[in-house]
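Examination of the molecular architecture
The chain contents come next:
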Amino acid sequence: MPFRTALSGLNAASAELRVIGNNVANASTTGFKKSRAEFADIFASSNLGAASNAIGSGVKIASVTQQFSQGNIGFTDNNLDLAVSGQGMFVLSDNGVNVYTRSGAFGVDRGGFISNSTGQILQGDIADVNGNLTNTTGDLRLDFSNISPQATTEAEVAFNLNSSLAVPGATPSSSLTVPNTTILDEDRGVGVPLVGAAFNMRDNYGVERSVQIEYTRTGANTWTALLRDNVSGNTFPGSAPIDTSGANASPAALNFGWVPATATGAQDPVTVSASLTAMTLVAAAADGDTSAGTAATVNNGSAQIAFDETNATSYSHSTSMTIFDSQGTPHLLTSYYRKTGQANQWEVFTFSNGNRADGPVGSAGQSIQFDTSGQLQTPTPSLPAITFNPGGGAAQITMDVDISGVTQFGSAFSISSLTQDGFSTGQLSGIDISDTGIVLSRFTNGQTRILGQVQLANFTNPQGLRQLGDTAWSESFESGQAVVSQPGSSGLGLIQSGALEGSNVDLTEQLVGMITAQRNFQANSQVISTADTITQAIINIR
């Protein structure tokens, strides 16, 4: 009779309904993986197998397997909430025994360990005190202690010094007076130069240079003049011929476009105005040539003044950065840059909290030399080490300043970067976890430090894992051994911080399965009812 067959069908349909009910009940459980009931038919058989005309004896549950498909990821406000996008499971320590889960709802326990609500501690690669990963698996723990200060030992600056600026505190000579002892006599032969005595003028750097004025008669009452630079050997003609037909020379002043030059290149042009009103003019006479040239009187120009940090006219540019001593106390380090009396050369004077830091008070600054294309020549890559006592009981500061990024181009002064490696003490202000599982602590002093790296585990047969409850699984013989590695490697997925993976239960699918299981139950009930009717008919045969 089919009673037992139908009864096995009722049991199977009831089991399927229990599986569906469990799925529906956990539709909102974080990291839950739905289950599926799998069935097999039953045949009575002997050692020789089942007969060709054998009729099955019903159905049995072959397996209830979990489906490890990806659940939907929803975002939260907790940085320690973690979701795995892809394959892999979090590794947790349950009193020293590893268990595995897809539920990443983590927090911090009283010991600072990253754990879930059941006290299981998240496992990962532990970092040392310097933030270096050690390739040692252990409990991930947040360090709430203050980060120790670090004294500045290195700084790096990158900026452009404006080569077109005038030398600060220096004035080039731009006017002079030709004295009455300079005599232009019309008896002098045409084309015969009259060279005046040498005198000094100051160039753009405030440096004195020997020059002379040379006069040449070109015709009746007509002369030309040129300025000779005895340093470079270049000559610069006057702006107009000199007319000596009147009582005084005309024009009253003559301009020379002087371009001082040195071995390292030409300087900016300087317009020099020479007054001719005092010049002596002599008409042609039988007494012969009495022309005479003497030194001109320079009316302006000055040497470069001494550097004074309180006088902004004594330097060209300045930069400031905050550095730190061994106790984490900040100090303002200010560097002043100025052009010197040499082409393409600058000086730098460094002060800390108003006191000279790169040498004794009044000493020369550190020299910086550029080539003619504006690239740094010396020193490179760093200035001589700066050493000074910051006071307050802190250790002496010795620091190198890398200036390899400094240029001297003909454009405005502009700073690209000012960096240094020191910092003050800081408190933990936040935790960030990257997609590869790096746990990074942020401190109030702007520093960061790696605390560890979350590890993920994968299995050859995840469906062979043994369920422990609390959305946790343990390794079994059927699952194979756990393969633990970093997120994003070895086929493992990535981690999303501030997010949780929801259940992978599809309610619509479960409701349809529920209807199917209900009909199967009803159908098997009908088989029993029909079999009962047949049995009753047989009993009633007389």
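For clarity, every value in this text was computed on a predicted model and none was experimentally measured. (Residues numbered from 1 in each chain as written. Predicted model: local features only at pLDDT ≥ 70, side-chain atom pairs only at ≥ 80, totals over all residues. Heavy atoms only, no water.)

**With respect to the overall build of the protein chain**
Across its full length, the protein chain carries two helices and 44 strands. What you see for the protein chain is a C-alpha radius of gyration of 47 Å, clearly larger than the 24 Å of a compact globule of 542 residues, by over 25%. Each of the three principal axes of the protein chain carries a C-alpha extent, and together these read 180 × 55 × 40 Å. Expressed as a percentage of the 542 residues in the protein chain, the buried residues total 40%. The contacts of the protein chain with a sequence gap of at least 6 include a subset with a gap of at least 24, amounting to 61%. (Helix = DSSP H or I, 4+ residues; strand = E, 2+ residues; numbered from the N terminus. Rg over C-alpha atoms; globule rule 2.2 N^0.38 Å. Buried < 20%, exposed > 50% of the residue type's maximum accessible area, 1.4 Å probe, protein only. Contact = heavy atoms within 4.5 Å.)

**Quick look at the pairing of strand E15 (residues 199-202)**
Only one face of E15 is covered, namely the one carrying Phe199 and Met201; the face carrying Asn200 and Arg202 has none of its residues buried. Sheet analysis places E15 next to strand E16 (residues 208-219), joined by four bridges and oriented antiparallel. For Met201, the partnering residue across the bridge sits in E16 and is Arg209. Hairpin remark: E15 followed by E16, antiparallel, with five residues in the connecting loop; positive phi at Gly206, about 80°. (Pairing = 2+ DSSP bridges.)

**Details of a nonpolar patch on the surface**
Together, Leu17, Val24, Leu507, Leu511 and Met514 give the surface a local cluster of nonpolar side chains, amounting to about 370 Å² of exposed area. Within the residue set of the nonpolar patch, elements represented by two or more residues are helix H1 (3-25) and helix H2 (507-539). Among the elements that take part in the nonpolar patch, H2 stands out by supplying three residues, more than any other. Relative to the elements of secondary structure, Val24 occurs in helix H1. (Patch = residues over 30% accessible without salt bridge, like charges linked within 9 Å, V, L, I, M, F, W, Y side chains within 5 Å. Areas by Shrake-Rupley, 256 points an atom, 1.4 Å probe, with all protein chains shown as cover. Salt bridge = Lys/Arg side-chain N within 4 Å of Asp/Glu carboxyl O.)

**So, the packing of H1 against H2**
The axes of two packed helices give the description: the angle between them and the distance between them. In the contact formed by H1 and H2, the axes pass within 9 Å of each other and the chain directions differ by 160°. Here H1 is positioned roughly antiparallel relative to H2, judged by the angle of their axes. The chirality of how H1 crosses H2 is left-handed. Taken together, the residues of the contact of H1 with H2 sort by class into 15 nonpolar, eleven polar and two charged. (Axes fitted to C-alpha atoms, helices over the stretch in contact; angles between N-to-C directions. Parallel < 35°, antiparallel > 145°, perpendicular 65-115°, else oblique. Left-handed = near helix turned anticlockwise from the far one by under 90°. Nonpolar A, V, L, I, M, F, W, Y, C, P; charged D, E, K, R; others polar.)

**Some words on the packing of aromatic side chains**
The tally for this structure, following the rule as stated, stands at eleven aromatic pairs. Ring centres of Phe307 and Tyr336 lie 5.6 Å apart, and the angle between their planes is 55°; this geometry places the pair in the tilted category. Highlighted residues: Phe307 in the loop between strand E25 (297-298) and strand E26 (317-324) and Tyr336 in strand E27 (residues 330-339), separated in sequence by 29 residues. Aromatic side chains Phe307 and Phe349 sit 4.0 Å apart centroid to centroid with 5° between the ring planes, which places their arrangement in the stacked category. Here the residue Phe307 occupies a position in the loop between E25 and E26, and Phe349 occupies one in strand E28 (residues 345-352), the gap between them amounting to 42 residues. (Phe/Tyr/Trp six-rings, centres within 6.5 Å; stacked < 30°, edge-to-face > 60°.)

**A short note on H2**
Between the first and last C-alpha of H2 there are 48 Å, a value that for 33 residues agrees with the 48 Å anticipated at 1.5 Å per step. Turning to H2, its buried residues are Gln510, Gly513, Ala517, Asn524 and Ala531. Where H2 begins, the capping side chain belongs to Asp506, and its oxygen is found 3.1 Å from the backbone nitrogen of Thr508. (Expected span 1.5 Å × (residues − 1). Polar contact = N/O pair within 3.5 Å; in protein donor to acceptor, adjacent residues only side chain to side chain.)

**Quick word on the nonpolar core**
Core analysis: the biggest nonpolar cluster contains 25 residues, and Leu176, Ile213 and Tyr215 have the highest contact counts within it. Of all elements in the fold, only E15, E16, strand E17 (222-229), strand E20 (253-258) and strand E23 (270-275) reach the threshold of two or more residues within this core. (Core = buried A, V, L, I, M, F, W, Y, C linked by side-chain atoms within 4.5 Å.)

**Quick notes on the pattern of salt bridges**
Side chains carrying opposite charge are able to pair once their charged atoms draw close together. In total, this model carries 14 salt bridges according to the counting rule given. Its salt-bridge partner being Glu501, residue Lys33 comes within 2.6 Å of it at the nearest N-O pair. Residue Lys33 is located in the loop between H1 and strand E1 (35-42), and its partner Glu501 is located in strand E44 (residues 499-501); the two are separated by 468 residues in the primary sequence. With relative accessibility at 1%, the residue Lys33 sits in the buried group. The partner of Glu214 in a salt bridge is Arg228, with the nearest N and O atoms 2.9 Å apart. Note that Glu214 is positioned in strand E16 and Arg228 in strand E17, a separation of 14 residues in sequence. Judged by its relative accessible area of 11%, Glu214 falls in the buried class. According to the relative accessible area criterion, Arg228 is partly exposed, its value standing at 27%.

**Some words on the side chain of Thr340**
Relative to the assigned elements, Thr340 resides in the loop between E27 and E28. Accessibility expressed as a relative area gives 5% for Thr340, which makes it buried. If we skip the residues at most four places from it in the chain, Thr340 touches Val167, Tyr205, Gln304, Gln345, Trp346 and Glu347.

**Focus on H1**
The end-to-end C-alpha separation of H1 is 32 Å, in line with the 33 Å expected for 23 residues at 1.5 Å each. All of the buried residues in H1 are Ala6, Ser8, Gly9, Leu10, Ala12, Ala13, Ala15, Glu16, Val19, Ile20 and Asn23. Close packing links the buried residues of H1 with E1, strand E2 (58-66) and H2.

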